[in-house]
Amino acid sequence: MNTNCLKNPCKFIQENLIILISFFSCTVFLITDLGFNITIYAGIFALITGLAFVYIFFKDRHKIILTNKWPILIMLGITYITSLNGFDLADRTKIYYLIMSFIAAMLVSITEISYKQYEIVKKIFLIAGGVISTLIYFNFFAPNLYEKIVLPMLTTDAANEVRRLLEEGYSICVNSDIAYTLLIIIFALFFLLFDEINKPHPFIIIYMVGGILISQRRTELIFTIATIFLVYLIYITLVEKEFLQRHKKIVFSLVAFSSVILVVGILVFIFIPEDLDSSNRIVMTIYDLRYHGDVLNGRGVLYNLAIEMIKTDPIWGIGWMNFSKYAALTGNTLVRNIHCVYLQLILECGIVGAVIYILCGIFLVKKIIEVVKSSNGSKESLISLAIVLYFCLAGTIDNSVYYPYFWIFLGIAVSICNVKKIIDAEEKE
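Let me begin by describing the structure that accompanies this report. (Residues numbered from 1 in each chain as written. Predicted model: local features only at pLDDT ≥ 70, side-chain atom pairs only at ≥ 80, totals over all residues. Heavy atoms only, no water.)

1. Digging into the pattern of salt bridges
For step 1, the next point in the chain: Scanning the entire structure with this criterion turns up 11 salt bridges.
For step 2, the next point in the chain: Residue Glu-161 pairs with Arg-164 through a salt bridge whose shortest N-O separation is 2.5 Å. Here Arg-164 and Glu-161 lie together in helix H8 (residues 156–167), a separation of 3 residues that amounts to about one turn.
For step 3, the next point in the chain: Ionic pairing is found between Glu-370 and Lys-367, a salt bridge with its closest N-O pair at 3.1 Å. Here Lys-367 and Glu-370 lie together in helix H16 (residues 341–374), a separation of 3 residues that amounts to about one turn. (Salt bridge = Lys/Arg side-chain N within 4 Å of Asp/Glu carboxyl O. Helix = DSSP H or I, 4+ residues; strand = E, 2+ residues; numbered from the N terminus.)

2. Here we look at the side chain of Gln-344
For step 1, the next point in the chain: As for its position among the elements, Gln-344 is in helix H16.
For step 2, the next point in the chain: Look past the residues within four positions of Gln-344 in its chain and what remains in contact with it is Phe-323, Asn-337, Ile-338, His-339, Cys-349 and Tyr-402. (Contact = heavy atoms within 4.5 Å.)

3. Regarding the environment of Trp-70
For step 1, the next point in the chain: Here Trp-70 shows up in helix H4 (residues 70–83).
For step 2, the next point in the chain: We classify Trp-70 as partly exposed; its relative accessible area is 38%.
For step 3, the next point in the chain: Spatially, the C-alpha atoms of Trp-70 and Ala-46 are 21 Å apart, while their sequence positions differ by 24 residues. (Buried < 20%, exposed > 50% of the residue type's maximum accessible area, 1.4 Å probe, protein only.)

4. As for the packing of aromatic side chains
For step 1, the next point in the chain: Applying the stated rule across the entire model yields 27 aromatic pairs.
For step 2, the next point in the chain: Geometrically, the ring pair formed by Tyr-41 and Phe-45 is edge-to-face, given 5.1 Å between the ring centres and 70° between the ring planes. Of this pair, Tyr-41 and Phe-45 both sit in helix H3 (residues 38–60), 4 residues apart, which is roughly one turn of that helix.
For step 3, the next point in the chain: Summarising the aromatic geometry, the rings of Trp-320 and Tyr-357 are spaced 5.9 Å apart at their centres and angled 35° between planes, so their arrangement reads as tilted. (Phe/Tyr/Trp six-rings, centres within 6.5 Å; stacked < 30°, edge-to-face > 60°.)

5. Observations regarding the packing of H4 against helix H18 (residues 406–416)
Relative orientation and spacing of two packed helices are given, respectively, by the angle between their axes and the distance between those axes.
For step 1, the next point in the chain: The interhelical angle for the contact between H4 and H18, taken along N-to-C directions, is 165°, at an axis separation of 12 Å. By the criterion of interaxial angle, the relationship of H4 to H18 is roughly antiparallel. Judged by the sense of rotation from one axis to the other, the crossing of H4 with H18 is left-handed. Where H4 abuts H18, its residues Ile-72, Met-75, Leu-76 and Thr-79 lie against Trp-407, Leu-410, Gly-411 and Val-414.
For step 2, the next point in the chain: Of the residues belonging to the contact of H4 with H18, the class tally is 6 nonpolar, 2 polar and no charged. (Axes fitted to C-alpha atoms, helices over the stretch in contact; angles between N-to-C directions. Parallel < 35°, antiparallel > 145°, perpendicular 65-115°, else oblique. Left-handed = near helix turned anticlockwise from the far one by under 90°. Nonpolar A, V, L, I, M, F, W, Y, C, P; charged D, E, K, R; others polar.)

6. What about unusual backbone geometry?
For step 1, the next point in the chain: A positive phi angle is found at Met-321, which is not glycine, with a value near 65°.
For step 2, the next point in the chain: Relative to the helices and strands, Met-321 is located in the loop between helix H15 (299–312) and H16.
For step 3, the next point in the chain: Here Met-321 falls in the buried class, since its relative accessible area comes to 2%.
For step 4, the next point in the chain: Even without glycine at this site, His-339 takes up a positive phi of about 70°.
For step 5, the next point in the chain: Mapped onto the secondary structure, His-339 falls in the loop between H15 and H16.

In structure tokens:
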């Protein structure tokens, strides 16, 4: 490895940068909970990726790979340009978001990974997803022990935030961000399912799905299931039309799992008492459906405010992530985003920017599906498709594009889509 690094440093950087960034993406928020400075941590990785890009640009610029990656770069360009509208240096969340997007831009531009690097990236996500799932189970089955052993390791603010969210019915989280915590599990689940689509790992998959169920996050649960079914549908339609006949156990497991959830949901809906008061968020969602409560969990007020604001400047918008300046008008001071990516894109980027942005997203999905077809359903293309589709689907009622780590995960997905199985000459000998 060291010899190859000296002989061809550009190639070494291209193939191994994604490993570093994958490790970064799975550890970045934990840094804050442990009491370290997240901005410095992210800044170090931004510096590394920036220097890597500059080195390759001047040393061997033809290795900068933009083929089939221009949609994500255009989306990043819209993000940067609209961020200048009403830019506020005091908005640390926005600045941190832009740092993360910069890392992703450099990653996408220069990364060309081999099969070997893909395997390492997979292991990083599987380990991270397994650790987080285990912590969720630990807290669920032994909350008092979790309180004594785990929470003292965190900062006081982080521990208090975990306690607050637990009281609201959620599971444990990292840096107050339940979506980030579960995304690590979800992406690990995608690796488990689609790395060997004909031979998934049932026990580990059940273990991680259980972690998502315990978390009581409706968005992640619903759209994870929807994404898995959609990827299987695309695979069956484009690659293996006989899949249903050849893999009856897999099909039966998927149908049985979905049926159990559906039947249990229907039974709860029918028999749930009107005077019920529970901390279980999934149960209370069914309660709201049964008795016409606020199923959107406060999103309706955000949607109405956004629609009224769009009417004042529909063409150019108010600037990226600037809805946070007006969110308090809804009476909720903890909210920064609208919880509907597509509505927020129109508001902040204007109709012009939002249309371009969404079209780039559609084209990106289209290109990945083409790779799925041309590669005969390669595992890398299926995992990439699952990650991108999840963000597209979840964005209908969530903030997927507006999470700081969105661009990192999207960059990783795009990078692994075209894995090249490079055989090291020395190993071949």
